[in-house]
Structure formats: structure tokens, C-alpha cells
Amino acid sequence: MSSAPQTPLPAISLVLGGARSGKSRHAEQLVESAGGDCLYIATAVGQAERDDEMATRIAEHKARRGTAWHTIEEPLDLAAVLQREARADRPILVDCLTLWLSNLMAEERDIEAEIAGLIGALSGKGGAGLAGPVVFVSNEVGHGIVPMHQLARDFRDHAGRLHQAVAAVADSVVFMVAGLPMIVKSSH
């Protein structure tokens, strides 16, 4: 990591935006600005083997982050890995919540229960919350037309509820547009 001055991160941050809005890059910069080791939790496990375009995106993200980041791949049990890995001296970046949601839907998990479990881990219900800061990246998918197919409508609706739940417990929410951060919620 660089020797630049460290910037403390809020306990929970959410960075939303559309495709190629700059959300992952912005989230990476936030985590790196906190200093120390950086942990990247990748939810796109297995996607690269099935999708060449996704493989290219993943490779771009890895190259941009460099070797200073430690990566854990976790497609489903996000709350458990956050609780296990969170430390005050190591900010965590989760990229991304909508891929996590896709994975849960593909495995026919109880989406509402999974969201409740994540929010419980973040807010300290049943424990002390996370021991260190976490930055979530997620795709805002609710700005388009109503999807034609039921699965797509279900995904959009689950994503909207997930974003609302995370934003409610987050200290900071940023919406990315054309590479520019728009502050939606701030703890300052």
C-alpha cells in the first residue's frame, strides 16, 4: 500500500451505480485510502468459466488492484465470511451484492432470510456487528423499464429491497454516475 495519508472509513459504505459507472474503481480507492491490508471479497465465483466477457472484467479488476490485495471468493455465505474476516486494521471490499443476489437466486435460497442475515451481521443483531469497515459495491438495476420476464422482475425487486436494507444500516451511500460520486448519505 502507498504511504499516502490514511482516511478513516465509515463502518459500512454502499457504492451503487450502473454498468461501467466507475463504482468498483471508486470503492477500491476508498478502501485503499484507509491504509493497511485490503481484503477483496469476490462474489462472482465460477462466472469467469462460463462467460468470456465476465472473465475479461474480472481480469481488469484484478490487474487494477494489483498484488497488495488479498482475495476471498465467496458466492453465497457473505454474512459468515464478513463476520469471520472483519478486522479493525483491514478494510473489506465486497464486489458485488447483485452478483451475490444472482447466486442466491440460482441456488434457490430464501432471499429474504439471506438479506436479514446480512443486515443482522452488519448491524450487530445477535452480536457486536463487524470488527472493521466494509465497502459494498452493487449495480443499481431499478432505473430501466419493467422487465418482461418474471425472473428478471424478481431479481429487480430483490435488488431494490437489498439496497434499501443495506443503505438503512450504512453510514455512507454513494451513487456513481459517469465516474463521478454523488453522495446520497454521509456520516459526516
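Everything quoted here is computed from the prediction, not taken from an experiment. (Residues numbered from 1 in each chain as written. Predicted model: local features only at pLDDT ≥ 70, side-chain atom pairs only at ≥ 80, totals over all residues. Heavy atoms only, no water.)

## Digging into the nonpolar core
Judged by nonpolar contacts, the single largest core of 33 residues is most densely connected at Leu 78, Leu 82, Leu 97, Leu 118, Leu 122, Val 134 and Phe 136. Excluding its chain neighbours within four sequence positions, the residues that come into contact with Val 134 are Ala 11, Ile 12, Ser 13, Leu 82, Ile 92, Val 94 and Leu 122. Counting residues in hydrophobic clusters, the runner-up holds 17 residues, among them Val 15, Leu 93, Val 135 and Met 176. (Core = buried A, V, L, I, M, F, W, Y, C linked by side-chain atoms within 4.5 Å. Buried < 20%, exposed > 50% of the residue type's maximum accessible area, 1.4 Å probe, protein only. Contact = heavy atoms within 4.5 Å.)

## As for the packing of aromatic side chains
This structure, assessed with the given rule, holds one aromatic pair. Seen from their ring centres, Tyr 40 and Trp 69 are 6.2 Å apart, and the 80° between their planes marks the pair as edge-to-face. Pair noted here: Tyr 40 is in strand β2 (residues 38–42) and Trp 69 is in strand β3 (residues 69–73), with a separation of 29 residues, a long-range link. Each member of the pair, Tyr 40 together with Trp 69, is buried. (Phe/Tyr/Trp six-rings, centres within 6.5 Å; stacked < 30°, edge-to-face > 60°. Helix = DSSP H or I, 4+ residues; strand = E, 2+ residues; numbered from the N terminus.)

## Things to note about the pattern of salt bridges
For the structure shown, the criterion picks out eight salt bridges. Between Asp 77 and Arg 109 there is a salt bridge, and its shortest N-O distance comes to 3.3 Å. With Asp 77 in the loop between β3 and α4 (78–85) and Arg 109 in the loop between α5 (97–106) and α6 (111–123), this residue pair connects regions lying 32 residues apart in the sequence. On the basis of relative accessibility, which here comes to 38%, the residue Asp 77 falls in the partly exposed class. A salt bridge links Glu 112 to Arg 161; the nearest nitrogen and oxygen atoms lie 3.4 Å apart. One end of the pair, Glu 112, is in helix α6; the other, Arg 161, is in helix α7 (residues 150–169), with 49 residues separating them in the sequence. Counted as one network, the salt bridges with shared partners bring together Asp 37, Arg 87 and Asp 89. (Salt bridge = Lys/Arg side-chain N within 4 Å of Asp/Glu carboxyl O.)

## A few points about the packing of α5 against α6
Angle between the axes and distance between the axes: these two values describe a pair of packed helices. Between α5 and α6, the least distance of the axes is 10 Å, while the angle of their chain directions is 140°. As the angle between them shows, α5 and α6 are arranged oblique. The interaxial crossing formed by α5 with α6 has right-handed handedness. Facing Leu 97, Trp 100, Leu 101, Leu 104 and Met 105 of α5, the residues of α6 in contact are Ile 111, Glu 114, Ile 115 and Leu 118. Of the residues belonging to the contact of α5 with α6, the class tally is eight nonpolar, no polar and one charged. (Axes fitted to C-alpha atoms, helices over the stretch in contact; angles between N-to-C directions. Parallel < 35°, antiparallel > 145°, perpendicular 65-115°, else oblique. Left-handed = near helix turned anticlockwise from the far one by under 90°. Nonpolar A, V, L, I, M, F, W, Y, C, P; charged D, E, K, R; others polar.)

## Some remarks on the confidence of the model for the protein
Counting all residues, the mean pLDDT for the protein is 89, and 89% of those residues have values of 70 or more. In the model of the protein, helix α2 (residues 47–50) stands out as the element of lowest mean pLDDT, 60, in contrast to strand β5 (residues 134–139), which has the highest, 98. (pLDDT = per-residue confidence, 0-100.)

## Some remarks on the environment of Arg 87
Considering the arrangement of structural elements, one finds Arg 87 in the loop between α4 and β4 (92–95). Judged by its relative accessible area of 33%, Arg 87 is partly exposed. Spatially, the C-alpha atoms of Arg 87 and Leu 130 are 7.7 Å apart, while their sequence positions differ by 43 residues. When residues no more than four places from it in sequence are discounted, the contact partners of Arg 87 are Asp 37, Ala 131, Gly 132 and Pro 133. Polar side-chain contacts of Arg 87 include one of 3.0 Å to the side chain of Asp 89. (Polar contact = N/O pair within 3.5 Å; in protein donor to acceptor, adjacent residues only side chain to side chain.)

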